[in-house]
Amino acid sequence: MRQQTSFIFDLDGTLTDSVYQNVFAWKTALDAEGIPLAMWRIHRKIGMSGGLMLKMLARETGLEINPDQAKRLSDKHAKAYKELQSQISALPGAIELLDTLNHDQLKWCIATSGGMDTAAINLKALGLDIADVNLITRDDVKYGKPDPDLFLAGAAKLAVPIEECLVIGDAIWDMLAARRCKATGIGLLSGGYDTGELERAGALRVYEDPLSLLQHLDEVASRPSF
């Protein structure tokens, strides 16, 4: 039987233009808690789980973020992100890429470090009904990226071996997680990381955005033989 490629997509910065809104939402939350942090430092952490991100930020700032404060930060981030939802849109080619995979009967799912609330905002931007999507969120696994749990859960949901999956992501955390579970990482530049960073983290190929990936789909995917 001819092998068919399955796709596991990150969401923010991969299918939707939402990375910088995410950065601003975290900046708003941190400012509200009196934690001064430059936005570029926040950007470098986008893509990993919120909990791990706060741990790393605490280490960098030398501040102790207790569980109660972490919960407040998470809630304030979610509120600020929701207020920016009108700015969030599908990246070029994202909707067409997913339509093509559906047409070719190739399996795909979305595995995001965000919770269901932020995922719903992004799916709306893609014109997708949350009930119709194979979706894994941070709430479904024990550890977020760069641990591979999200992508392993995605492969399990698709009922395919992880080794036959392409992980499509915009951050080094996606590529590191893909490498750890022996999936093939495909990087996109639409989240702000450059080609060299994504390749060093394990990306087999790097494209500009979903449209560029769609235009080069034959380079990375085995299609059905019918």
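Look up: the structure comes first, before these words.
This section reports on the structure supplied with the text. (Residues numbered from 1 in each chain as written. Predicted model: local features only at pLDDT ≥ 70, side-chain atom pairs only at ≥ 80, totals over all residues. Heavy atoms only, no water.)

## Details of helix H4 (residues 67–83)
Thought 1: In this model, H4 (17 residues) spans 24 Å end to end at C-alpha, consistent with the 24 Å of a helix rising 1.5 Å per residue.
Thought 2: Listed as buried for H4 are Gln-69, Leu-73, His-77, Ala-78, Ala-80 and Tyr-81.
Thought 3: Elements that come into contact with the buried residues of H4 comprise helix H1 (19–32), helix H3 (50–61) and helix H6 (116–125).
Thought 4: The N-capping residue of H4, defined by a side-chain oxygen 3.1 Å from the backbone nitrogen of Asp-68, is Asn-66. (Helix = DSSP H or I, 4+ residues; strand = E, 2+ residues; numbered from the N terminus. Expected span 1.5 Å × (residues − 1). Buried < 20%, exposed > 50% of the residue type's maximum accessible area, 1.4 Å probe, protein only. Contact = heavy atoms within 4.5 Å. Polar contact = N/O pair within 3.5 Å; in protein donor to acceptor, adjacent residues only side chain to side chain.)

## Points about the packing of H4 against H6
Thought 1: Relative to each other, H4 and H6 sit at 15°, their axes nearing to 10 Å. Viewed along their axes, H4 and H6 adopt a mutual orientation that is roughly parallel. The handedness of the crossing between H4 and H6 is left-handed. Between H4 and H6, the residues in contact are Ala-78, Tyr-81 and Lys-82 and Asp-117, Thr-118, Ile-121 and Asn-122, respectively.
Thought 2: Tallied by class, the residues present in the contact of H4 with H6 amount to three nonpolar, two polar and two charged. (Axes fitted to C-alpha atoms, helices over the stretch in contact; angles between N-to-C directions. Parallel < 35°, antiparallel > 145°, perpendicular 65-115°, else oblique. Left-handed = near helix turned anticlockwise from the far one by under 90°. Nonpolar A, V, L, I, M, F, W, Y, C, P; charged D, E, K, R; others polar.)

## A word on the packing of H1 against H4
Thought 1: Here H1 crosses H4 at 135°, and the two axes come no closer than 8 Å. In terms of orientation, H1 and H4 fall into the oblique class. In terms of crossing hand, the pair formed by H1 and H4 is right-handed. Contacts between H1 and H4 involve Gln-21, Asn-22, Ala-25, Trp-26, Thr-28, Ala-29, Leu-30 and Ala-32 from the former and Leu-73, Ser-74, Lys-76, His-77, Ala-80 and Tyr-81 from the latter.

## Some details on the pairing of strand E7 (residues 184–188)
Thought 1: Most of E7 is tucked away, with four of its five residues classed as buried.
Thought 2: For the crossover that starts at strand E6 (residues 165–169), traverses helix H8 (residues 172–180) and ends in the parallel E7, the hand is right-handed.
Thought 3: Relative to strand E8 (residues 203–207), E7 runs parallel, the two being bridged by four bridges. Counted as the bridge partner of Gly-185 is Ala-203 from E8.
Thought 4: The parallel pair E7 and E8, bridged by helix H9 (residues 195–200), forms a crossover whose chirality is right-handed. (Right-handed = clockwise from strand over helix to strand, strands pointing away. Pairing = 2+ DSSP bridges.)

## Notes on the side chain of Asn-122
Thought 1: Structurally, Asn-122 can be placed in helix H6.
Thought 2: By relative accessible area, Asn-122 is classed as buried at 0%.
Thought 3: A polar side-chain atom of Asn-122 sits 3.2 Å from a polar atom in the side chain of Ser-18.

## Let's talk about the side chain of Asp-209
Thought 1: Its location among the elements puts Asp-209 in the loop between E8 and helix H10 (210–215).
Thought 2: From its side chain, Asp-209 meets the backbone nitrogen of Ser-212 in a polar contact 2.9 Å long.
Thought 3: Those residues within four positions of Asp-209 in sequence are excluded, and the remaining contacts are Pro-92, Leu-188 and Ser-190.

## Considerations on the packing of aromatic side chains
Thought 1: Under the criterion given, the structure shown has two aromatic pairs.
Thought 2: Ring geometry for Phe-7 against Phe-9: centres 6.0 Å apart, planes inclined by 15°, an arrangement best described as stacked. An identical accessibility class is assigned to Phe-7 and Phe-9; each is buried.
Thought 3: Relative to Trp-108, the ring of Phe-9 has its centre 6.4 Å away and its plane inclined at 80°; by these criteria the two rings are edge-to-face. With Phe-9 in strand E1 (residues 6–9) and Trp-108 in strand E4 (residues 108–111), the pair connects residues that are 99 residues apart, well separated along the chain. (Phe/Tyr/Trp six-rings, centres within 6.5 Å; stacked < 30°, edge-to-face > 60°.)

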